[in-house]
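The chain contents come next:
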Amino acid sequence: MSHKFKIGQQVRQAQRHGSADRGSAVSSIYEIVRLMPEERSGEPAYRVRSALGERAVLEGELTLVS
């Protein structure tokens, strides 16, 4: 499986069930900063950055910001 998103693209992380809204819409927008190896499940992973910091996320958790 190949990565769907590219470095530099802006994405939004899908809100997890039961999580409180912890900021504005701007804080939920991330920039792809690194393509990471696939997880054991075969799903691609990414390193993303926002104003609040960096984190690792799976491709299925992201949608492209239009």
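Structure: above.
Residues numbered from 1 in each chain as written. Predicted model: local features only at pLDDT ≥ 70, side-chain atom pairs only at ≥ 80, totals over all residues. Heavy atoms only, no water.

To continue, consider the pattern of salt bridges. According to the stated counting rule, one finds two salt bridges in the structure shown. A salt bridge links Glu-54 to Arg-49; its shortest N-O distance comes to 3.8 Å. (Salt bridge = Lys/Arg side-chain N within 4 Å of Asp/Glu carboxyl O.)

Counting residues in hydrophobic clusters, the biggest one holds eight residues: Phe-5, Val-11, Tyr-30, Ile-32, Tyr-46, Val-48, Val-57 and Leu-62. Beyond its immediate chain neighbours, meaning those up to four positions away, Tyr-46 contacts His-3, Lys-4, Phe-5, Ile-32, Arg-34, Leu-35, Met-36, Arg-55, Ala-56, Val-57, Glu-59 and Leu-62. (Core = buried A, V, L, I, M, F, W, Y, C linked by side-chain atoms within 4.5 Å. Buried < 20%, exposed > 50% of the residue type's maximum accessible area, 1.4 Å probe, protein only. Contact = heavy atoms within 4.5 Å.)

Attention now moves to the environment of Gly-53. Turning to its location among the elements, Gly-53 is positioned in strand S4 (residues 53-58). Along the chain, Gly-53 and Tyr-30 lie 23 residues apart, while their C-alpha atoms are 9.4 Å from each other. (Helix = DSSP H or I, 4+ residues; strand = E, 2+ residues; numbered from the N terminus.)

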